[in-house]
Amino acid sequence: MRLCKGPLIFGPLITGGQSLNPNGTKPHISASCKQNPSVRWSFSKMGREQPSQSQMAYTVEQLVAVNPYNPDILPDLENYVNEQVSLQTYSLDANLCLLRLYQFEPERMSTQIVAHILIKALMAMPAPDFSLCLFLIPERVQMDEQFKTLIVLSHYLETAKFRQFWDEAAKSRHILEVVPGFEQAIQEYAVHVLSLTYQKVPRSVVAEAINMEGLSLDKFVEHHVANSGWIVEKAQGKGQLVSLPRNEFNHPELRRSSADIIPLDHITRIFPVLG
Amino acid sequence: MDSTNKGPILSHIPTFYHLEAQLTHAHAYTDSHLLSTTHSLRSRNPNLSATTMAAVGYEYEDGLQSSVDGGIPYDPSFVPDPVKSFVVHLYRHIREKNVYEIHQMYETSFHTLSDRMFKDTPWPSVEAVAQYVDNDHVFCLLYREMWYRHLYARLSPTLKQRIDSWDNYCSLFQVVLHGVVNMQLPNQWLWDMVDEFVYQFQSFCQYRAKMKNKTEQEIALLRQHDQAWNVYGVLNFLQALMEKSSIIQILEQEKEGLEQFTATDGYDYSGGSNVLKVLGYFSMVGLLRVHCLLGDYQTGLKCLLPIDISQQGVYTSVIGSHITTIYHYGFANLMLRRYVEAIREFNKILLYIYKTKQYHQKSPQYEQILKKNEQMYALLTICLSLCPQVKLVDETVNSQLREKYGEKMLRMQRYDEESFALYDELFSYACPKFITPSAPSYEEPLVNYNQDAYRLQLKLFLYEVKQQQQLSVVRTFLKVYSTISLEKLATYMEVDESTLRTILMTYKHKTHSVGADGKTISNADIDFYIDDDLIRVVESKTSKQYGDYFLRQIVKLEAVIGDMDRIKLE
């Protein structure tokens, strides 16, 4: 019965025969793509293999761009979330689109998919993606234990309480470990916040933020010394100091004042005078 | 009555036939002069039109009750002379594409007549006036659009009327999408259509969510018409208008000088129609608004991207559209923590309203303008409390702000329950009317859920405020020191050193947002960095812009020298 609602009625407005977009092509999930899920989202691959075929597969991003309000793409978006998890990619727009469809038809919501989306959103810190997702998830769904945990984790990250974050994360491994790359992503965020704040930071503070010690910490620091311009210094009496690379946030004098910039078209006004 | 024969349900049939069916089913009017002659849309199937005519026919019983109270019974089929003259003239002006006259009648006469004759009753029914306008079906669709808008503004619509109004929008937009309309309508009117369409959607969602006091009859009607004001339908209509009008391409081409749109305010001076283009344009604002109502701020802003809001545009040509655009743009940025962007745009529009509101005093939108004005001051107060960049605010706006919210703003800086309550109060007063788009559950004991969406957005916003509340304490210290050791500041703030480090990092994180392009943007009013255990504060001085000044003086000087040269010659 569901199909009798939105899609069939409004589908033609969007995906119907007459083209609503200028190049005349309408990405839609073609039958051929469905039979061949492995190349389903690979535009170029399909193009190479079957250049003469008129119905080509499109990336999910393209699907979302053309059919943002089409409930038929819901299963594809769910698959895409799983793909983001396994291939360690990320698309906020596709995930928001899916949450939107869940919002329109709550009975189709999968809490497992929502959990994956939220973990991926945490990994996108410092971007506000986690809140953006929460805005679309009904409060009663947020009462679910695993979501409560994720909300607490987000709170710790938002308030830079890394020690508490890692403690809590350790307790919730069963939720988090399904998403590969989680730890690294949070460590990147921690390094981002440290770089905004510090010129020189005690090694112990770094250790706490990224939850590492001993050999793995040495390796981490070495890696950043080699690749990101970190410099390790000896501080008097205390442990080591890490000098973080300069950026406009920890060296505010680097910030180019917008007042110093004069747009070219203003300068063109004096060209006659100069000539 | 078979509801499935209504609205855009027939859209799976081929375009031309489809359009015809749409029109015939909606109204059995013979023809429209407001459609291009190449698409003469005559009803060829009398059977179909007869049945659907009955289906769409008005049932006034519900609507009547409210008007009967007044004593004078409302007769929908009685057309007073002024109304006769109104529709005849309006129809003529639309056929003659006299935008100026249409605008006058639409903006002035309609409201004057409404005030005089239809203060608390609906206008005469479309069936009654059709005979004066050649039974022109497109005109009748326009008339009904105004009819419902008037009804919504002055009376409370019944469920039946809400559903009928939806059907009318479907028919109207289908004609615009699939027909070749031959009209030039004022931007004000086209904006009002989109605006009202979204408003009625929002109003319907609010109405539907109050399940507790629904009668069995109402519930039966709701179930039967589950397509009416369906969120997919609403979004897809806006999206279809936007796409079919190619407005995004038009705006792109305009940048390269290949197309004129903004320069002519969207009007077509070469004999074409502005209706689809301008409706498509305003649909982008409509989409922004719908997404904000749903709490999807990211997508909302994305829909608005084709419009460059740093410039004047067609959206600024109608005050209502200008305000709606900036209100939602600013609100979405506030929720995305891009406070500086929100402050800038609120400041600009509030200054604009301050300077121009006297010209709108007689406008039917005046009350709405004032209300949004007040709400935006409240939102600006929130932004400035979380991100005290007062230097971004014009002196005029600032003095208004201090007058309205000065005292509250001081209290909002504090870190206590009262300040928390103030954020709650201002947000609740100024936020959009959030909606739950899904259909209710008819089975369980009926519950109201009209507050759910609002409560969720409020809760998440207050959560954010709570995370930031300690930052105002840090600010007060950073303001008075150029360097201070972590140890000392920790003592002053009565926290331990490691807590202070987290507070300082929170300050950095919260004052640095991620822009649309993924780059980090600083919203910090006071900046600092930590060097080992020493905090160094960097005062952000506003440097004067000399460059532009010198450029202007150089040009001026050159002109003076030129003048002097000429004088010497004489």
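What counts, and where the lines are drawn
Residues numbered from 1 in each chain as written. Chains lettered and ligands numbered in written order. Predicted model: local features only at pLDDT ≥ 70, side-chain atom pairs only at ≥ 80, totals over all residues. Heavy atoms only, no water. Salt bridge = Lys/Arg side-chain N within 4 Å of Asp/Glu carboxyl O. Helix = DSSP H or I, 4+ residues; strand = E, 2+ residues; numbered from the N terminus. Buried < 20%, exposed > 50% of the residue type's maximum accessible area, 1.4 Å probe, protein only. pLDDT = per-residue confidence, 0-100. Contact = heavy atoms within 4.5 Å. Buried area = accessible area lost by both parts, 1.4 Å probe. Patch = residues over 30% accessible without salt bridge, like charges linked within 9 Å, V, L, I, M, F, W, Y side chains within 5 Å. Areas by Shrake-Rupley, 256 points an atom, 1.4 Å probe, with all protein chains shown as cover. Pairing = 2+ DSSP bridges. Phe/Tyr/Trp six-rings, centres within 6.5 Å; stacked < 30°, edge-to-face > 60°. Lys NZ or Arg CZ within 6 Å of the ring centre and 35° of its normal. Axes fitted to C-alpha atoms, helices over the stretch in contact; angles between N-to-C directions.

**What about the pattern of salt bridges?**
- What the rule picks out here adds up to 34 salt bridges over all chains.
- Ionic pairing is found between Lys-302 of chain B and Asp-93 of chain A, a salt bridge with its closest N-O pair at 2.5 Å. Separated into two different chains, Lys-302 of chain B in helix α14 (residues 297-304) and Asp-93 of chain A in helix α6 (residues 92-104) make up a pair that spans both.
- Exposure remark for Lys-302 of chain B: the relative accessible area of 44% places this residue in the partly exposed category.
- We note a salt bridge from Asp-527 of chain B to Lys-508 of chain B, for which the minimum N-O separation is 2.9 Å. In this pair, Asp-527 of chain B sits in strand β4 (residues 527-531) while Lys-508 of chain B sits in helix α23 (residues 497-511), placing the two residues 19 residues apart along the sequence.
- Classification of Asp-527 of chain B as buried rests on a relative accessible area of 3%.

**With respect to the confidence of the model for chain B**
Residue and element names in this part refer to chain B.
- On average, residues of chain B score 81 in pLDDT, and 86% of them reach the 70 mark or higher.
- Across chain B, the secondary-structure element scoring lowest on mean pLDDT is helix α1 (residues 15-26), at 34, and the one scoring highest is helix α15 (residues 319-335), at 94.
- Counting interchain partners and residues more than four positions distant, the pLDDT-below-50 stretch residues 1-30 has 82 contacts.
- Low confidence marks residues 37-70, where pLDDT is under 50. Its contacts with residues over four positions away, or in another chain, come to 51 contacts.
- At the level of chain-chain contacts, confidence expressed as ipTM amounts to 0.81, with global pTM at 0.81.

**Observations concerning the interface of chain B and chain A**
- Contact with chain B, which involves 73 residues of that partner, is made by 70 residues of chain A.
- When chain B packs against chain A, close to 6,400 Å² is buried across both sides, 62% of that on carbon and sulfur atoms.
- When the buried surface of chain B facing chain A is broken down by residue, Tyr-232, Met-505 and His-509 of chain B rank first, second and third, together holding 12% of it.
- For the interface between chain B and chain A, the tally reads 5 salt bridges.

**Remarks on unusual backbone geometry**
- Met-125 of chain A connects to Pro-126 of chain A through a cis peptide bond whose omega is 10 degrees.
- If you trace the backbone, Pro-126 of chain A turns up in the loop between α7 (111-123) and α8 (129-134).
- A positive phi is found at Ala-160 of chain A, a non-glycine position, where the angle reads about 55 degrees.
- Unlike most non-glycine residues, Arg-337 of chain B shows phi in positive territory, near 70 degrees.

**Regarding a nonpolar patch on the surface**
- A surface patch of nonpolar side chains, about 440 Å² in accessible area, is lined by Tyr-546, Tyr-549, Phe-550 and Ile-554 of chain B.
- When you line up the elements, Tyr-549 of chain B lands in helix α24 (residues 546-569).

**Quick look at the pairing of strand β1 (residues 198-202) of chain A**
- The buried fraction of β1 of chain A is high, at 4 of 5 residues.
- Both β1 of chain A and β4 of chain B contribute to a ladder of 2 bridges, which runs parallel. Paired with Tyr-198 of chain A across the bridge in β4 of chain B is Ile-530 of chain B.
- With 3 bridges connecting them, β1 of chain A and strand β3 (residues 240-243) of chain A associate as antiparallel partners. Counted as the bridge partner of Pro-202 of chain A is Leu-241 of chain A from β3 of chain A.

**Focus on the packing of aromatic side chains**
- What the rule picks out here adds up to 37 aromatic pairs over all chains.
- Plain terms: the ring middles of Tyr-481 of chain B and Tyr-492 of chain B are 6.2 Å apart, the flat faces sit at 25 degrees to each other, and that makes the pair stacked. With Tyr-481 of chain B in the loop between α21 (471-480) and β1 (483-485) and Tyr-492 of chain B in helix α22 (residues 486-493), this pair connects stretches of sequence that are 11 residues apart.
- On the accessibility criterion, Tyr-481 of chain B (25% relative accessible area) is partly exposed.
- Linked through ring pairs, Phe-135 of chain A together with Tyr-297, Phe-331, Tyr-423, Phe-427, Phe-434 and Phe-461 of chain B together constitute an aromatic cluster.
- Just above the ring of Tyr-207 of chain B sits the side chain of Arg-162 of chain B; from NZ or CZ to the centre is 4.4 Å.
- The positively charged end of Lys-214 of chain B is found above the aromatic ring belonging to Tyr-207 of chain B, 3.9 Å away from the centroid.

**Remarks on the sheet that holds β4 of chain B**
- The 6 strands are arranged β2(A)-β3(A)-β1(A)-β4(B)-β5(B)-β1(B) in an open sheet whose pairing can be described as mixed. At either margin of the open sheet sits one strand with a lone partner, and together these are β2 (231-234) of chain A together with β1 of chain B. Neighbour-to-neighbour, the strand axes of the sheet open up by a mean angle of 30 degrees, direction not taken into account.
- Inspection of the sheet shows β2 of chain A paired to β3 of chain A by 4 bridges, in the antiparallel sense. In the strand pairing of β3 of chain A, Val-232 of chain A is matched with Val-242 of chain A.
- Seen against the sheet, helix α14 (residues 203-210) of chain A touches β1 and β3 of chain A and runs at an angle of roughly 90 degrees to β1 of chain A.

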